Every structure is written in structure tokens, then in C-alpha cells.
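A closer look at the structure
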Amino acid sequence: MPELVVIIVAAVSAIVGIAVGFVARRIVATSGVKHAEHYAERLVAEARTKQKEIVLEGKDEALHLRRAAEEEAREQRATLQRTEQRLLDREEALDRKIAALEERDAALADRVRDLETEKSQLAELQQRQLTELERVSGLSVNEARESLIGRIVDEAEAEAQHRVREIERHATEEGDDKARRILTTVMQRIAADHTSEATVTVVHLPNDEMKGRIIGREGRNIRALEQATGVDLIIDDTPEAVVLSGFDPVRREVARMALEKLISDGRIHPGRIEETVAKCQSEIEVVMRQAGEQAAYDAGVPGLHPELIKLIGRLKYRTSYGQNVLDHVVETARLAGMLAAEIGANVSDSKKGGLLHDIGKAVDHEVEGPHAAIGGDIALRYGVSAVVCNAIAAHHQEVEQESVEATVVQIADAISASRPGARGENLDNYVKRLDDLQQIALSFAGVERCFAIQAGREIRILVRPEDIDDIASSRLARDVVKKIEEQLQYPGQIKVTVIRETRAVDYAR
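Residues numbered from 1 in each chain as written. Predicted model: local features only at pLDDT ≥ 70, side-chain atom pairs only at ≥ 80, totals over all residues. Heavy atoms only, no water.

1. Observations concerning the side chain of Thr-332
Selection rule: Under the scheme used here, helices are H or I runs from DSSP no shorter than 4 residues and strands are E runs no shorter than 2 residues, and both carry numbers assigned from the N terminus. Two residues qualify as a contact provided that any one of their heavy atoms is within 4.5 Å of a heavy atom in the partner residue.
Topologically, Thr-332 is positioned in helix α8 (residues 325-343). When sequence neighbours within four positions are dropped, the list of residues in contact with Thr-332 reads Gly-354, His-357, Val-409, Ala-412, Asp-413 and Ser-416.

2. Examining the sheet that holds strand β8 (residues 495-500)
Cut-off, in case you're wondering: Strand pairing is assigned whenever DSSP detects at least two bridges linking the two strands. Interaxial angles span 0 to 180 degrees and are taken between N-to-C directions of axes, which are lines fitted to C-alpha atoms, for helices over the stretch in contact.
On the basis of which strands lie adjacent, the open sheet formed by three strands has the order β6-β7-β8 and mixed pairing. On the outer flanks of this sheet lie β6 (447-453) and β8, each paired with one strand and no other. In this sheet, neighbouring strand axes are inclined to one another by 20 degrees on average, regardless of whether the strands run parallel or antiparallel. Strand direction decides the pairing type here: strand β7 (residues 458-463) and β8, joined by six bridges, are parallel. Each residue of the ladder has a partner; that of Ile-459, found in β8, is Val-496. Relative to β8, helix α14 (residues 470-487) is tilted by about 155 degrees, and along the sheet it contacts β6, β7 and β8.

3. A word on the pattern of salt bridges
For side chains of opposite charge, pairing can occur when their charged atoms come near one another. Stated formally: A side-chain nitrogen of Lys or Arg and a carboxyl oxygen of Asp or Glu constitute a salt bridge if their distance falls within 4 Å. Note on exposure labels: buried denotes an accessible area under 20% of the residue type's maximum, exposed denotes more than 50%, and partly exposed covers the range between, all computed with a 1.4 Å probe on protein chains only.
For the structure on display, the rule yields 14 salt bridges. Between Asp-110 and Arg-113 there is a salt bridge, and its shortest N-O distance comes to 1.9 Å. Linking Asp-110 with Arg-113, this pair stays in helix α1 (residues 2-137), spanning three residues, or about one helical turn. Assessed through its relative accessible area of 35%, Asp-110 is described here as partly exposed. The partly exposed category is assigned to Arg-113, whose relative accessible area is 49%. One salt bridge in this structure joins Arg-256 and Glu-253, with 2.4 Å as the shortest N-O distance. One end of the pair, Arg-256, and the other, Glu-253, are both in helix α5 (residues 249-265), three residues apart, so they sit about a helical turn from each other. For Arg-256, a relative accessible area of 17% corresponds to the buried category. The network of salt bridges with shared partners includes Asp-265, Arg-267, Arg-272 and Glu-275.

4. Thoughts on helix α9 (residues 347-356)
The condition that has to hold: In protein, a polar contact requires one atom able to donate a hydrogen and another able to accept it; more generally it is a pair of N or O atoms within 3.5 Å, and residues adjacent in sequence count only if both atoms are side-chain atoms.
Among the residues making up α9, those that are buried are Asp-349, Ser-350, Gly-353, Gly-354, Leu-355 and Leu-356. Where α9 begins, the side chain of Asn-346 points an oxygen toward the backbone nitrogen of Ser-348, at a separation of 3.1 Å.

5. Observations regarding the nonpolar core
What tends to happen in soluble globular proteins is that the nonpolar side chains get buried as a cluster. Keep this limit in mind: The term nonpolar core refers to a set of buried residues drawn from Ala, Val, Leu, Ile, Met, Phe, Trp, Tyr and Cys, joined through side-chain atoms within 4.5 Å.
Judged by nonpolar contacts, the single largest core of 28 residues is most densely connected at Leu-304, Ile-312, Leu-326, Val-329, Leu-355, Leu-356 and Val-384. When contributions to this core are tallied by element, the ones reaching two or more residues are α6 (270-299), α7 (306-314), α8, α9, α10 (371-381) and α11 (386-393). Take this core: its biggest share by element is five residues, from α8. When sequence neighbours within four positions are dropped, the list of residues in contact with Val-329 reads Leu-315, Gly-354, Leu-355, His-357 and Asp-358. Core analysis: the next-biggest nonpolar cluster, separate from the first, contains 26 residues, Leu-205, Leu-225, Val-231 and Ile-273 among them.

6. Some remarks on the environment of Ala-255
With respect to the helices, strands and loops of the structure, Ala-255 is situated in helix α5. Taking the C-alpha atoms as reference points, Ala-255 and Cys-280, separated by 25 residues in sequence, lie 8.2 Å from one another. Apart from the residues lying within four places of it in its own chain, the contact partners of Ala-255 are Thr-229, Val-231 and Leu-244.

7. Some details on the sheet that holds strand β1 (residues 202-204)
Pairing within the open sheet is antiparallel, and its three strands lie in the order β1-β3-β2. Two strands bound the open sheet, and with one partner strand each, they are β1 and β2 (232-234). Shown here is a sheet whose adjacent strand axes are inclined to one another by a mean of 30 degrees, direction ignored. Pairing geometry for β2 and strand β3 (residues 241-245), over three bridges, is antiparallel. Within the sheet, the bridge partner assigned to Leu-233 lies in β3 and is Leu-244. The sheet strands contacting α5 are β1, β2 and β3, and the helix crosses β3 at an angle near 155 degrees.

Structure representation (C-alpha cells):
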């Protein structure tokens, strides 16, 4: 019973609770709905207010844009109106110009017609004048034209020749003065000895009995000596002397030294001859190397290849026209260095070219060809620069000079070789050079006589005045100079003087 009551009470309590909860929830819900309705009404009112504001702002913006568009349209219309007005003004100006041009064209056409009329009248008048001139002068138009052209050509040639003479005179005066100063300075600074040497080819004997000992039994001593040295021994009636003959100056020097040692020693037989010649060859190699080193030192050219040093030393026993070639190349190197310093050229290359320019003479009896080309090939083989090799090969103008240093070497070589006392010249070569000079001068038309004077340093040419005038005399001098330069080899320079003489002769009776 009590449990039933509890259940009933619990059920009633639950029902009552449910009813109370439902009523409370309904009350709460009703209150929330009303609150939401008030909030929604407020939002709607605010939205409507905002909408009105946005609409008003849009209307203001649209009005502003319309006004801006209308203002821009007005400005564009004004610009178009101004552009149109300018175009109209330009079109009117072009119309005026076209009208003026048409008027000018018409005037020019009239002027052209007038000019054509005047031209035809002038042509007719010119033809009448030419006819009258032909009648008066007795010359046709072509003859008169040729005569006039000839006169103009003669005048132009005379004027050109006068200008050429003036230019040559100024160039010669200035060039001679400058060259004279440079060469005088260089030659004063070199202050070299002018003595010349000759290779000794005669061995003096203490007595004539020594000739028999040199010849030996059945000539075996002289054959052994000639075979060992490569030099011919000439034993003739010359008292107390033996002549050594050979193309190689070094072999000739070896033979001289060996023969002198054999004569001094007194023991002359084939075995002793071979031993002495071998010893002299070793000594001469040392002497040549020392001479080459000393020459390079004296010339101020360091760093040369040992083979070049040896070849330079061989020049100690070589002469050219009585001038010792080793002394000549050293002097040329010094002159070339000073000339290069004076004119601003490369001093080192000029000195080296001067020292090596005759290196080909050391082997020219062994190698075929001119010594300048041989020397250039040798220098190139031992690593000498191309500029120096060209200076060596071109110092006799057998190849074209490619640098100012080559010209400097050529000038230095000419100074060393051609100044008084430096070289001798045999009579046959001297006479032949004079004869060649005269034959070159006589080969030109209008030359009457010529004379080579001043030991071949000057040639004077007498021309026929009726064949050669003053202008042609100047041309003849230049032509003779050019032909001499092309055909002859000579030291220094040759002066060419053309003499034209006119004589008037009459007799009083």
C-alpha cells in the first residue's frame, strides 16, 4: 500500500512538473517571439532608412556624372570646332598657294619659251661668229680647239712644274737642313776610327830554304797542309814569302796561324801539320767567339743566340773594299742607334739590325744568294724579330722595307761605308761605274754630252736647247735620277745637274 501511494505521488508529481514546464516554456517562447518581432521591425526600419540614403547618394552621383559628361562633351565640341576652323584656314592657305604656284608655273613656262627663243638666237649668232672666226683665222673649229687645248696644257704643265720646283725646293731645304743636323750630330757622337784593315794572305819566311821544307819530299807536306786547311799554298819566286789563296777567310786565317807555328817550331811533316791545324782551328773558334761577344758588347746588343755570336766573330776575318766587316757592323750598330734616338725610332731594333746586317757575309761563300737575303734568313732561324730580319734583308733594297728601323739601318750602313777613307775601290769597278753613269744620261733624247765628275758623286748633263726647254730640263733630271737608282749600286748619293745653254751669235760686217 505505501508503495502504491508512492507511485501515485510520483506520477502526479511528474504530471504536474510536465504541466508546469509546458506552461513555463510557452510563456518563455511567447516572450522570445515578441522580442524577435520587435528586433525585426527595427531592422526593417533601419534598412528602409539606409535604402533611402543609398538611393539619394546614387541620385547625387548620377547627377554629378551627367554634369561631368556634359562638360567633357562641351569641351570636345569646342576642340572639334577649333580643329575644324584650323583645317579650314589651312585649306584656304593651300588654295592660295596652289593658285600662286599655278601663276608661277605659267610665268616659268613663258620664261622657258622666251629662253628657248633666245637660245636659238644665240646659237645662230654663235654659228655666225664661228664662221666669221674661221674665215678670219683660217682655222677650223677642231684645229682651234686643239690649239687652245695645247696652249692650256702647256700653261698647266708650266704651272705644275713651277709648283713642283717650289715644293721640291722647300722640301729639299728643310729636309737637307734637318738631315744635316741629325747626321752631323750622330757622326760627331760616334767619333770612330777611320782606319781600315785587310786580311793577311802572305806568310813571311825566315829564309828561302824554308820553302823546300814546306813543300816536303815529293810535295807531301804542302799537300797535307792544303788538305787539312782547304787553302791553296802558292810558292813562287817571291823571296821569303808564301801566298795563301782561298775563298773562306777563316780557313785562310787557320792556314796562316798553322804555317807560322810550324815555321817557328821547325818540325814540318804530315802528322805535325794535322795536329797543328786542329789546334789552330780550336783556337780560332775561341777567338771568333770572343770577338763576337766583344762586338755585341761594344754595339750594346745583348741576348743574341750563341750561333749568331759565332757568325759575328767570323766577320773579324772578312773585309769589304779594304774595310774590316766586323768593325763596320759595330760602327753601323752605333750609328743606327743614334739615328733611331734622334728620330724617335726603336733604338734596340735599330742597333740589332745594324750589328747583324752583314751577317750573311760570314757564310756567303758557302750559301748561294745575296748576303742581305742570307743574313735575313739566318737571323729569322735564330729567333730574331721580324722587324730586325726585314732590316737585315732590305739594307740593299733587294726586298721592300717594312719599318722605319730598316731605313735607319740602311742609312747607317751607307754612312759607315761611304765616308772618305772607309773603303777602297779598285780601278775597274770605278771606271765601270763612271761609264754606266754616262751611258744612262746619254740614253735620254736631247742630251748632247755628259760628264761624270767628283769621283762619280756628280754627273753633269749638257742638253740641246732647241730640243729641251727649262721645264723639260727639270723632268730630265728627275728621270735620270730615277734610272740611276733603279740600275746602279753605289755608296752615298749622286748629284745630277742638267745644263741648258742658249747662245745668240751674230756678225757685224
